[in-house]
Structures are given as structure tokens and as C-alpha cells.
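# Understanding the architecture of this molecule
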Amino acid sequence: MNRRATARPGRAVIALDLGGTKLAAAYFTGDGRPRAKRVVALRERQGPAVGALMGLEIRRLRRAIAGSGLSVEAIGAAVPGIAHADSGDVWAPNIRGWDNYPLRRELETAAGGAAASLAIDSDRAACVLGEAWRGAARGCRNVVFLAVGTGIGAGILADGRVLRGAHDSAGAAGWLALSRPFQTEYSACGDFEYHASGEGLARAATRLLSQTAGYQGPLNRRRALSAKDVFAAYEAGDVLAARVMRDAIEYWGAACANLVSLLNPEKIVVGGGVFGPAAKFLDAIAAEARRWGQPVAMGQVTFEASRLGGDAALYGAAVLARQAKRAVGGR
């Protein structure tokens, strides 16, 4: 798999990773390293303006590739939502105006001669492909990438292929039902995401703060709390932050147990914006998962933090590009 994911000498693939707040773009050649990488904040962009920004980055990278004496082989794009393979349309809830956005048509215009080799997929699918190519899952054919950031999702590699489901929405792990009874708050983002995403950690800390009379710790501030605040307070020995993290570990562990029991992966790779500072809890998460998971499968799986960090989806977008080239007859 690793050899096939690499562009041929003299050729390059363009990779785009669109997030809820930024766009990362680079091109990759045969050595598998990103070149001409740039990260652009979306700022106030929404709807067609975001698609236009992606088109601008494709054109910039086409110029950079040509200036290096190379040619564009294919283009891959990772998006924060559901990418419909048949239509090329994208549903991305964190980008206003992207309820059913025609992204493929937008990018084909910018792609020029590489338009026939263009792939768009979810960021969670891209993350697991990136880790399998250059990260923590190299050599694995059955792996789950659990992404915990503003939201929660899972990229699933089963027998060497990304599991996408009947309608391209497989891996919406934030909707795992881990609590009873149902609460109406879960309708917007799912039970697991409500409690254990980055926003979930901040929400839990805010709730505990309102219930703790006389608290004078580092979380007692006027502005809205963030997950970063919770981690900083935990490092400072704050008791309230420790309660938040203990609950989060239970949710993360239970979710991993469900994924392992259902999918029997070789490895669980955990990444996303929250799992920079949360990587230290990986052993505790694995121990919690073993309490709940199918014992044979739990005895076979290993847990590892992402090795690619915030670039996992960008590397995965390069893999998507190469797969698209092969699909149209490339060698």
C-alpha cells in the first residue's frame, strides 16, 4: 500500500485538507514529503468563498509544481463532513452554505488537465489513509483512526479499504450512544460528541463550575471556557479539571471498546485537535476500553497516538489523489 500511495518520479499530487476554520494545501512527490505547504484561515469565508479558496490553492500549487519541472498527476481533497462519491457534492455542517455544496465541479475548473483524477472524501477517511501510509498505522490493513477535536469522527480501514457505508457517512462516531436516558441536547451532535469532544470538555467544566460553590481555581474566569483551559487546569492540579478528564476517559474508553468489539482492528490510532494534550491519557483510555470490550479482540488490539498530528488528513488527501489516478487507468 505504501508504494502505491507514492507519486512517480517527475510527477506530483496536490493535497487539500479543509477544516472548519482553515485550509491546508501542499503537493507531494515520490519521497512522500509535503512541499509548498500553506495553511490559510477561513476567517469569515462561507459557501462559495470557501470553494473558491480551494480553487486558488490548487492553482498556486499547479504553478509551484510546474516551476519545479514536474507535472500534476492527481488531486485529493479532505473535507469536514460527508463527501458524496457519486455527485461530488459535500455536506459540511461547520461551513455555512455547504449543506449540499457542488465541490467537485468547483475543483475541476481549477484542476485543469488533472480534472479526471480528482478525489474528495471525508477528513476522517483521509486521516486513516494518511496514518496507514506514513504514520502510526503503517503496515496495518485493519485500523480505526479516532479523531477528537471540535467534533468526533472515526476513519475505518477494513481489509485495506476505507469503510464508507451505503451513503458515504460511515464513521460518524460522535453519534455513538453511550448514555441513558436520551437527552434532546444529543440531537445536534450525538451523545459521544456532546460529552467528550473539545467542546464537550469545555461544556462539562462549565457545568461543574456552576455546581461547585466557592470554587476559586484556574477555571473560575469570566470568559467562556475551552478544552485548552481544561487541560491547563488539569496540569496545574485542579480538582474540577481532574473530574472532567476522568469522565472524558470513561467516554473515550467505552467508545474504543465498541469500535474494537465491532470491527476487530489491529490498532486504534487516536488523533485530532484534542489529542495533542490528551495523548498522555492513552494508557488510561486503553485500560477503560478493556473493561468493556470483547476480550479476545481487546487482547489483540494496540493503541497509539497519531504520528502525523494535524497533517494526517493532508497526507491522506495525497493517498486519495493517487487512488483516483489509478481508478482512471494510471500506473
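Just so you know, these numbers come straight off a predicted model, no measurement behind them.

## Some words on the pairing of strand S2 (residues 22–28)
- Most of S2 sits out of view: six of its seven residues are buried.
- Strand direction decides the pairing type here: strand S1 (residues 11–18) and S2, joined by six bridges, are antiparallel. Pairing of Leu 16 across the sheet is with Ala 25, part of S2.
- Once S1 ends, the chain turns through three residues before running back antiparallel as S2.
- Pairing analysis gives six bridges linking S2 to strand S3 (residues 34–41), with the strands arranged antiparallel. Residue pairing for S3: Tyr 27 is matched across the bridge by Arg 35.

## Regarding the pattern of salt bridges
- All chains considered together, the criterion is met by 13 salt bridges.
- Between Arg 164 and Asp 121 there is a salt bridge, with the nearest N and O atoms lying 2.5 Å from each other. In this pair, Arg 164 is assigned in the loop between strand S10 (161–162) and helix H4 (191–196) and Asp 121 in strand S7 (residues 118–122), connecting sequence segments 43 residues apart.
- Note on Asp 121: relative accessible area 7%, which makes it buried.
- Residues Glu 304 and Arg 307 are paired through a salt bridge, measuring 2.6 Å at the closest nitrogen-oxygen approach.
- Each member of the salt-bridge network shares a partner with another, and the members are Asp 31, Arg 33 and Arg 35.

## Details of the sheet that holds S1
- Strand order in the open sheet formed by five strands is S3-S2-S1-S4-S7, with mixed pairing between adjacent strands. Both outer strands of the open sheet, S3 and S7, are each paired with one neighbouring strand and no more. When the angles between neighbouring strand axes are averaged without regard to direction, this sheet yields 15°.
- With five bridges joining them, strand S4 (residues 71–79) and S7 adopt parallel strand pairing. Residue Ala 78 lies in a different strand from S7, and its bridge partner there is Asp 121.

Cut-off values and rules
Residues numbered from 1 in each chain as written. Predicted model: local features only at pLDDT ≥ 70, side-chain atom pairs only at ≥ 80, totals over all residues. Heavy atoms only, no water. Buried < 20%, exposed > 50% of the residue type's maximum accessible area, 1.4 Å probe, protein only. Helix = DSSP H or I, 4+ residues; strand = E, 2+ residues; numbered from the N terminus. Pairing = 2+ DSSP bridges. Salt bridge = Lys/Arg side-chain N within 4 Å of Asp/Glu carboxyl O. Axes fitted to C-alpha atoms, helices over the stretch in contact; angles between N-to-C directions.

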